[in-house]
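# Structure at a glance
Each chain is listed here by its residues.
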Amino acid sequence: MDPSMRDLVSWTAMISCFANHRMHRQSLSTFIQLLRATDFYPNEFSFTASLRSCSNAEFFSTGLAVFGFVLKTGYLDADVCVGCALIDMFVKGSDDLGSAFKVFEKISERNVVTWNLMITRLVQFSHTGDAIHLFFSMVESGFGPDRFTLSSVLSACAELELLAFGKQLHSWGVKSGMGLDVFFGSSLVDMYAKCGADGSVEDARKVFDRMPERNVVSWTAIIAAYVQGGLEQEAIGLFCEMIWGYVVPNCFTFASTLKACANLPEFGLGKQLHSQAIKLGVSAVNCVGNGLVNMYARSGRMECARKCFDILLEKNLILCDTAVDWNAKNLDPKDDIFNLETEGTGNGVNAFTYGSLLSAAACIGTISKGEQIHARVLKSGFGNNLCINNALISMYSKCGNEAAALRVFSDMKDRNVISWTSIISGFAKHGFATKALELFCEMLEAGVKPNGVTYIAVLSACSHVGLIDEAWKHFASMHRDHDIVPRMEHYACMVDLLGRSGLLSEAIEFINSMPFRADALIWRTFLGSCRIHHNSKFGEQAAKKVLELEPHDPAAYILLSNLYAAEGRWDDVAAIRKSMKLRKLTKEAGCSWIEVENQVHKFHVGDTSHPKAQKIYDKLDELTFKIKNLGYVPNTDSVLHDVEEELKEQFLFQHSEKIAVAFALISTRKPKPIRIFKNLRVCGDCHTAIKYISVVTGREIVVRDANRFHHIKDGKCSCNDYW
């Protein structure tokens, strides 16, 4: 176009075009050219488009300048579109819900879109109670909710487990003619799944089956519902049905289905999903990459987990560096915030990116990577972000540094139920039940309403240290004080507590009194207790129940085999192993790993593949001599093989956790704690031996096994030998 022929409409069209295609730098450059090179004055459409390009961390400071311009021109009060763009800019650019709500209150002529936007943003940032209150205000102001309003409020109901209110919204939607809407239906599936009693997916499935039209969101919602309900095989069946119906899965579908694969013994399905994700180009998307890391880590394939994590980290490092560099530039008061000529990708590093990386680091227990990501978070200006801080608490807890997790929690300005639940769960898993219960009391005193996951953490804390009376008190208070219906997981915690305490008859009575049929998790938990207390009668009964529900679960066979082996019933052990072989079921190989100088070292039983194998075994021999002089006696009952006693003792000192400890001692120095990770439960003899090793070496040793953490120092463990 001849420059003289360009009018305000032409300029605004180009600004909008760049903004719509996420070419934010070009959009804002064009906006600045409009101001500098013409006599035109921006209108509401120009402002709206430029503000959309500022709705990210990179250009948020530029957005503040545009916001000042908007205030001077009076468009904030006059135009609803400008107001909506400002709400999004504050929320997406700096997670500033307070400023966003101030803008919302300043908009004089609100419409349904404005109300929907504010409600949706509140839900997305876990301010679900505020979202519901705003919904009531919307209705009181005379605005009728549409499908987007109801979908957002249904999401709030799902998070708060407000089933009764969710049903009222369902009724309202049907009466308003939205009953067949795919968007509304997908939200209903999610709400009924998350609010269903005892994890039932029955109501969610009814809604799904009645939907005349289903899209990828609908399928993802029902798949996630089955995964959440512990019905992994059914979830994978639905995924296959979805593909056969020519619906292409998205990254969230893969994330849910990968979670199902992580909980199944058959690993082939997970590899097929990984392949499918690569073909569709979503394997490096944050939530999918995170799911892959979790799946491989859960199956003990740490090399694959590490590779997936490195791909995820490498993909995001450039974005993280860009955000850090841009933030550093903006701290210089001499910089012109309208100077957009600086090179940069413009791609969005956000809270979700950092959250995904932290979650992946937690899965493989790489605390050094987690600390690096934490540093980037602080440099990028996300230090006060609620979601990231919650992820940091979880990461430090899962990597064995509960003190760091508590520091993050203590420094948080804002906390929600997830923050409290994460720190309580962390202390519970580390065996510090008293601290976990103290935090729970502080949470209640702060007026934060616990949810079902909070009570799982509380009951787990009681279970880990045998606080039976305390657990019964909290179990009873769930429904009485907070209207939370106990689910299968809560009953499993109580069964675990009774079983660990040796009250096996009481545990059976409790299982039989449950208001719904016990699933495989309950019986597997009880079977584990039978193995601890050498009760083969109850153990056989529990194993039979597990195999009725999950005939291809190798865990039941292995637990029963170990129970027979502990009693010397070698013929029964041989029969079980033969049965497993006929069914092509394999035991998960035990392995331990440790991170030293930013590298993960993995060990199996009797491992000699490490370059320092000779030094490791020399150190083991030295440790054996020292701890035996201190009073250590090998517990050969932990060797579940029919061999000579001398050979049993030899087997004990080839366990992967002992090898990992020996490697740590030759590779690290005081006062740094040693952090060992194991994919299975740590054996009794290794637990005892490591306590003695902590005395002779003066080192603190933290072991994370499949169930919990063991903080071992000066010969004492945080579990107090109750595990």
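Residues numbered from 1 in each chain as written. Predicted model: local features only at pLDDT ≥ 70, side-chain atom pairs only at ≥ 80, totals over all residues. Heavy atoms only, no water.

Under an unreviewed UniProt entry, the protein chain has the name DYW domain-containing protein and belongs to Arachis hypogaea.

Before going further, it helps to examine the UniProt feature "repeat: PPR" (unreviewed entry) in the protein chain. Mapped onto this numbering, the UniProt entry annotates "repeat: PPR" (unreviewed entry) at residues 111-145, 215-249, 416-450 and 451-486. For residues 111-145, the end-to-end C-alpha separation is 11 Å, with 74% helix and 0% strand making up the annotated structure. Helix makes up 81% of residues 451-486 and strand 0%, with an end-to-end C-alpha separation of 10 Å. (UniProt positions renumbered as here; feature names shortened; annotations may be inferred. Helix = DSSP H or I, 4+ residues; strand = E, 2+ residues; numbered from the N terminus.)

Once that is clear, we can look at unusual backbone geometry. The omega torsion of the bond from Lys-670 to Pro-671 falls at 0°, within 30 degrees of zero and hence cis. Counting through the fold element by element, Pro-671 comes out in the loop between α36 (656-667) and β3 (674-678). With a phi close to 60°, Arg-22 is a non-glycine residue in the positive phi region. With respect to the helices and strands, the residue Arg-22 is situated in the loop between α1 (8-20) and α2 (24-37). Positioned with a positive phi, His-534 is a non-glycine residue whose angle comes to about 55°. The residue His-534 is located in the loop between α30 (520-532) and α31 (536-549) in this model.

For side chains bearing opposite charge, pairing can occur when the charged atoms are close. Counted under the stated rule, the structure contains 16 salt bridges. The residue Lys-92 makes a salt bridge to Asp-88 at a minimum N-O spacing of 3.6 Å. Taken together, the positions of Lys-92 and Asp-88, both in helix α6 (residues 80-94) and 4 residues apart, correspond to about one turn of that helix. Taking relative accessible area as the criterion, Lys-92 reaches 45% and is therefore assigned partly exposed. In this structure Asp-88 comes out as buried when scored by relative accessible area, which is 15%. For Glu-159, the salt bridge goes to Lys-194, with nearest N and O atoms at 3.3 Å. With a gap of 35 residues between them, Glu-159 in helix α10 (residues 147-160) and Lys-194 in helix α12 (residues 182-195) connect regions that are remote in the sequence. (Salt bridge = Lys/Arg side-chain N within 4 Å of Asp/Glu carboxyl O. Buried < 20%, exposed > 50% of the residue type's maximum accessible area, 1.4 Å probe, protein only.)

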